Amino acid sequence: MNEEIVALRNVSVDIGGINVLEKVNLSIYEREFLGIIGPNGGGKTTLLKVILGLIKPSGGMVTVYGNAPGKGRQFIGYVPQHSLFDKEFPVSVMDVVLMGLAGRKGFLRGYSRDDREKAIQAIENVGMSGYLNKQIGKLSGGQRQRVFIARALVSEPRLLLMDEPTASIDKQLETGLYELLDRLKKEIAVVMVSHDIGAISVHVDKIACLNRRLYYHDTNEISKETLEKTYMCPVDIIAHGVPHRVLKTH
Amino acid sequence: MLELLEYEFMRNALIAGVLASIACGIVGSYVVVKRIVFISGGVSHAAFGGIGLGYFLGINPILGATAFVLLSALGMGLISTKTKREDTTIGILWATGMAIGIIFIGLSRGYAPDLFSYLFGNILTVPYSDLLLMLLLNLVIISGVYLSYNELLAVSFDEEHARAIGVPVDRINLLLLCLVALTVILLIRVVGIILVIALLTIPAATANLLVQNSLRKMMLLSIVFGVFYTMGGLILSYIFDIASGATIILLSVIVFILFSVTVNIKKAS
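The text that follows walks through the structure, step by step, so that each part is easy to find. (Residues numbered from 1 in each chain as written. Chains lettered and ligands numbered in written order. Predicted model: local features only at pLDDT ≥ 70, side-chain atom pairs only at ≥ 80, totals over all residues. Heavy atoms only, no water.)

## Section: the sheet that holds strand β3 (residues 33–37) of chain A
All names here are of chain A.
- The sheet built from 6 strands is open, its strands ordered β5-β6-β7-β3-β8-β9 with mixed pairing. The sheet terminates laterally at β5 (76–79) and β9 (213–216), the two strands that pair on one side only. Adjacent strand axes in the sheet meet at a mean angle of 15°, parallel and antiparallel pairs treated alike.
- Of the pairings in the sheet, the one linking β3 to strand β7 (residues 189–194) comprises 5 bridges and is parallel in character. Looking at the pairing, F33 lines up with V190 of β7. (Pairing = 2+ DSSP bridges. Helix = DSSP H or I, 4+ residues; strand = E, 2+ residues; numbered from the N terminus. Axes fitted to C-alpha atoms, helices over the stretch in contact; angles between N-to-C directions.)

## Some thoughts on the interface of chain A and chain B
- Every contact between the two is made by 34 residues of chain A and, on the other side, 26 residues of chain B.
- Between chain A and chain B, a total of about 2700 Å² is buried, with carbon and sulfur atoms accounting for 57% of that surface.
- In this structure, the salt-bridge partner of K49 of chain A is E160 of chain B, at a minimum N-O distance of 2.6 Å.
- Taken together, the links from chain A to chain B amount to 11 residue pairs in polar contact (both at pLDDT 80 or more).
- Where the side of chain A that touches chain B is concerned, the elements lending two or more residues are α1 (44–52), α2 (93–98) and α4 (141–153) of chain A.
- Looking at the side of chain A that touches chain B residue by residue, the classes come out as 17 nonpolar, 8 polar and 9 charged. (Contact = heavy atoms within 4.5 Å. Buried area = accessible area lost by both parts, 1.4 Å probe. Salt bridge = Lys/Arg side-chain N within 4 Å of Asp/Glu carboxyl O. Polar contact = N/O pair within 3.5 Å; in protein donor to acceptor, adjacent residues only side chain to side chain. Nonpolar A, V, L, I, M, F, W, Y, C, P; charged D, E, K, R; others polar.)

## Digging into helix α10 (residues 215–240) of chain B
Residues and elements named next belong to chain B.
- Relative to the 38 Å expected for 26 residues at 1.5 Å per residue, α10 spans 36 Å between its end C-alpha atoms, a close match to the ideal helical length.
- Looking at where α10 begins, the residue whose side-chain oxygen comes 3.4 Å from the main-chain nitrogen of R216 is S214.
- A positive phi of about 55° marks D241, the residue just after α10. (Expected span 1.5 Å × (residues − 1).)

## Overview of a nonpolar patch on the surface
All names here are of chain B.
- Taken together, the side chains of Y7, F9, L236, Y238, I239, F240 and I242 present a nonpolar region at the surface, about 660 Å² in accessible area.
- Among the elements that line the nonpolar patch, the one with the most residues is α10, at 4 residues.
- Tracing the sequence through the fold places Y7 in the segment before α1 (8–33). (Patch = residues over 30% accessible without salt bridge, like charges linked within 9 Å, V, L, I, M, F, W, Y side chains within 5 Å. Areas by Shrake-Rupley, 256 points an atom, 1.4 Å probe, with all protein chains shown as cover.)

## Description of the pattern of salt bridges
Residue and element names in this part refer to chain A.
- Under the definition given, this model contains 13 salt bridges over all chains.
- A salt bridge links K206 to E32, with the shortest nitrogen-to-oxygen separation between them at 2.9 Å. With K206 in strand β8 (residues 206–211) and E32 in the loop between β2 (18–29) and β3, this pair connects stretches of sequence that are 174 residues apart.
- Residue K185 pairs with D205 through a salt bridge whose shortest N-O separation is 3.5 Å.

## Here we look at the packing of aromatic side chains
- The tally for this structure, following the rule as stated, stands at 11 aromatic pairs over all chains.
- Ring centres of F148 of chain A and F157 of chain B lie 6.4 Å apart, and the angle between their planes is 45°; this geometry places the pair in the tilted category. You can see F148 of chain A sitting in helix α4 and its partner F157 of chain B sitting in helix α6 (residues 128–157), one on each of two chains. Exposure class is identical for F148 of chain A and F157 of chain B. Each is buried.
- Between the aromatic rings of F38 of chain B and W94 of chain B, the centroid separation amounts to 5.5 Å while the plane-to-plane angle is 35°, which identifies the pairing as tilted. One end of the pair, F38 of chain B, is in helix α2 (residues 37–57); the other, W94 of chain B, is in helix α4 (residues 86–107), and 56 residues separate them in sequence.
- By relative accessible area, W94 of chain B is classed as partly exposed at 27%.
- One aromatic cluster is present, built from ring pairs that chain together F225, F228, Y229 and F259 of chain B. (Phe/Tyr/Trp six-rings, centres within 6.5 Å; stacked < 30°, edge-to-face > 60°. Buried < 20%, exposed > 50% of the residue type's maximum accessible area, 1.4 Å probe, protein only.)

## Points about the sheet that holds β2 of chain A
Residues and elements named next belong to chain A.
- Taking strand neighbours across the sheet as the criterion, the 3 strands line up as β2-β1-β4 in an open arrangement whose pairing is antiparallel. In this open sheet, the two edge strands, each paired with only one partner strand, are β2 and β4 (59–64). When the angles between neighbouring strand axes are averaged without regard to direction, this sheet yields 15°.

Printed below as a string of structure tokens:
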């Protein structure tokens, strides 16, 4: 059995008096690809932020690499859902990817030649090699998303958290992204949050459904009942163009 | 034109212009890309409280102003992490600084002769001692930015991501506000409290029109624009015998508009 790297025990989160997560239990193991699906507003982003230590739970316990969340940030790569920024912001693709290393501790941490090589490698991994000096605001939404994935990978994380990474990317990149993730999950743990059930279930090892409460599965098959519980309404499961069985044979 | 340099006040003014441009090029670039123009305005107006206090206590008003801007920058930084209505807080700070200044000046004995120059600047009256202070402040600002460049950039670009990967975001934001505060002090002599915000924004904004893929290049270019604006404004104000601070600002606005129009026409075609 792989080592447990993230553990949530009975975690509840209230934001502004509203209960966003309720008694969530979750374990993330090394070298596992976990997909979390659920409706918008179901607490998916909140859950990732709890793991990152950006949101403090109102109840329950969270440990990341055996420590309080926030202590383990140097092991985590994070691709936020919306990176809101100024389109005129004067940074190149290379600058943005190097920002993935800005959290390292120590004094006078300028970026070394080694860091630059890592950044170039990360940019190559997401297929953006031709755009090193391009201004970030001049890229398309999909290209930008690739750069943000490279920014998360440059620190060579042991856990990669991705919040709706497929939301703004094109079909071609989506395939490329899953190929990349398939390679990555041999070495690191990946947690991907999405509302796109079809996309996620082909590649992940495990699926959790989140709508305030978490319904957890040890396989990547999801039942109609679970989905209905998650979305709290009848769901028609249509898996189109998925080269893999997602649903149990009925 | 060269005979201008024979006057000591003119030489001092030119040096003050260059020193001011260095600080505004660097810190102004952050102010523009991080969109903290309003905060910077609040901090600079809070300086007036310190100037009033300086008059009241009979000490150099710049010292009072330095204390006030640093305190208000720290206060702003701490309050803005706690509240969602940051702009309201800034507005309150802005007005409070001015009000304190007016009260103190009213309480001071006699007339405050160069009060006007603190409000609107007079680059022609910058004494040698202030040049030394400006040089010192520049050194502090440059080393602050040099030591934290990568973190400042990451926080300016995407605060949420920076926090997620362990950058001390709140500390970096406070550092930036303190750098803004020091720049305000440096600029008061040149353009005055009320016009500080112009030199913090216009050179950087002009540079950003031309440079878009490197903050470092944008800083260097805004220094160049700053020098051009202050020198040009100074010479024009001498020729036409008009207020130097205001001339510097109007010249920069005109050049900025010209560049802005040209760049947009180019983009459209």
